[in-house]
Each structure stands twice: as structure tokens, then as C-alpha cells.
Amino acid sequence: MSQNRNEVQIMFVGYSRPDSNDSNAIRANCTSTLIRTRNGRNIIVDTLTAWDGERLKEVLQNVYGLQPEDIHVVVCTHGHSDHIGCNYLFREAQWHIVGACVSNRDKYLNSYLTRAETQPFQLCGDDVTVVRTPGHTLSCVSVLVRDPTQGRIVGICGDLFERVEDIADPSIWLEAGSEDPTSQRRQRLRMAELCNYIVPGHGQGFYITDKMRELLRQQLDA
Ligand SMILES: [Zn+2]
């Protein structure tokens, strides 16, 4: 079914918190997002853990009327287990993109890996693109969804942002693990300057304000 707009639907709101029974553990699962493009493509971003297949299928079917084979592309913002777990459901998809790695079955695209981080990988012309945003892992990517009718850009950024609170309190994203904090600071500001709305890796989506951009700029300069 095609529509006039590129829609971004958060299917599951992720979380990460200390495990109440085990001081050496945390509990976490990712925010999982569905993009429905105006030309009828369905793209899933981040697929929960391998134990979530049944409930993911249920939501796709009951809320969106979609079967796993209706998903055209799978994007995982990075390769951690709670972002890739249900990729196996989507074997009809043209591409499985895990971080900067693009594949289908045993076929792996060479070109994308060698491109500069600012070079986008198009999933639906310029409407939906994948860009490298290294930091949390060096292979991390974000998905940018443009709404041509309103000129707005949504960034589905994975763990570049853990949740909205990490803008005022950077210890949240630093403690979640960062392979390159300097790059992550730079990419956080870059995405905030580009986007109107951000879907983080483990929380609700949020609108970006000028105050947030200013905070991110100060954190980069510090
Ligand atoms: Zn994560």
C-alpha cells in the first residue's frame, strides 16, 4: 500500500537499566522501528533479541498488517545482540544491513564499506538513507528519513543516543559503552544539527531543540 508520506513508527520502545537481582548485569532491549515509505517499501530498523520473534511478528501483523516477507530491507544500527536478534525472520529482504556491512545470504557488498562516512547509502532514493555514525561501535550507522512534503528529517540513530536524558547527562551514553567517545560526540552533534526528531537506541523518540544542539556543541568543545 503506498501513501503520500514516509512514516516512521516506533514498534517497541527500548530500555536499559540495572538488573534488580544481579549487580553485575543490566537488562536491555532496543527500540525497534518500522519505516513505511511513500512508494510502499517497508524497512525495519533494529530487530530486538532472538527471543522476541513471536511478539515482533504479532505487532507487524496486528498493528501494521504486515508479514515478515513484506519487509524489504533490514537495518541494524550496529551488531550487538539486542539489535540483530530477529533478522532471521526477514529472509525475503533485499538487504540485511548490520552496521556498515550490507549483505544478502552469502553476498556482501564491497563498495559501501569503503565509502566515506558522509556518503549515504540510499534505500529509497534520497528519502531514506543510511549513514555511518561511528562511536558506540566503530561500525555504527544511522538511518535518515526525509519527509519531502514537510522538509523534516527523522534520524534513527541506535546507540549514538541511548535515550533523551543522555544529552543533559553524557555519563549515560559513556557508561553504555563507547569505542570512540570523541567520534561519538561529533556524530551526536552532526545528527542533532541535521534532524528534527531522533529515535535513540534504548528509549522513546524525541524532538531536537536548539538548547539540545547547544549542549551537544559545548560537549564537543569541552
Ligand atoms: Zn544497544
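Details of the structure are given in the entry above.
The structure reproduced in this document is the subject of the present report. It should be emphasised that the depicted structure is a prediction, and the values quoted were computed from it without experimental measurement.

Reading the values: rules and limits
Residues numbered from 1 in each chain as written. Predicted model: local features only at pLDDT ≥ 70, side-chain atom pairs only at ≥ 80, totals over all residues. Heavy atoms only, no water. Helix = DSSP H or I, 4+ residues; strand = E, 2+ residues; numbered from the N terminus. Rg over C-alpha atoms; globule rule 2.2 N^0.38 Å. Buried < 20%, exposed > 50% of the residue type's maximum accessible area, 1.4 Å probe, protein only. Contact = heavy atoms within 4.5 Å. Lys, Arg positive; Asp, Glu negative; His and termini not counted. Charge placed at Lys NZ, Arg CZ, Asp CG, Glu CD. Core = buried A, V, L, I, M, F, W, Y, C linked by side-chain atoms within 4.5 Å. Axes fitted to C-alpha atoms, helices over the stretch in contact; angles between N-to-C directions. Parallel < 35°, antiparallel > 145°, perpendicular 65-115°, else oblique. Left-handed = near helix turned anticlockwise from the far one by under 90°.

### Re the overall build of the protein
Summing up its helical and strand segments, the protein has six helices and 15 strands in all. The globule rule puts the C-alpha radius of gyration for 222 residues at 17 Å, and the 17 Å found for the protein is close to it. A principal-axis box enclosing the C-alpha atoms of the protein has dimensions of 45 × 45 × 35 Å. Within the protein, buried positions represent 50% of all 222 residues. Of the contacts formed within the protein by residues at least 6 apart in sequence, a portion of 56% connects residues at least 24 apart. A distance of 4 Å separates the average location of the 23 positive side-chain charges in the protein from that of its 28 negative side-chain charges.

### So, the nonpolar core
Buried together is how nonpolar side chains tend to be arranged in soluble globular proteins. If you look at the biggest cluster of nonpolar residues, it comprises 20 residues, and the most contacted ones within it are Val75, Ile97, Leu123 and Val143. Contributions of two or more residues to this core are made by strand E5 (42-45), strand E6 (73-76), strand E7 (95-98), strand E10 (121-124), strand E11 (128-132), strand E12 (141-147) and strand E13 (152-158). Those residues in contact with Ile97, other than ones at most four positions away along the chain, are Val73, Val74, Val75, Cys76, Val102, Phe121, Leu123 and Val130. Counting 18 residues, the second largest nonpolar core, distinct from the first, contains Cys30, Leu48, Val74 and Phe90.

### A closer look at the packing of helix H5 (residues 181-194) against helix H6 (residues 210-221)
Any two packed helices are characterised by the angle at which their axes cross and by the distance between the axes. It is at 9 Å that the axes of H5 and H6 come closest, and there the two elements cross at 155 degrees. On the basis of the axis angle, H5 is roughly antiparallel to H6. Regarding H5 and H6, the two cross each other, and that crossing is left-handed. Seen from H5, the contacting residues are Thr182, Arg185, Arg186, Arg188, Leu189, Ala192 and Glu193; seen from H6, they are Arg213, Leu216, Arg217, Gln219 and Leu220.

### Focus: unusual backbone geometry
Here the phi dihedral of Leu48 falls at roughly 65 degrees; this positive angle occurs in a residue that is not glycine. Residue position: Leu48 is located in the loop between E5 and helix H1 (53-64). The class of Leu48 is buried, set by a relative accessible area of 0%. In this structure, Arg105 is a non-glycine residue whose phi angle is positive, near 50 degrees. Relative to the assigned elements, Arg105 resides in the loop between strand E8 (101-104) and strand E9 (107-108).

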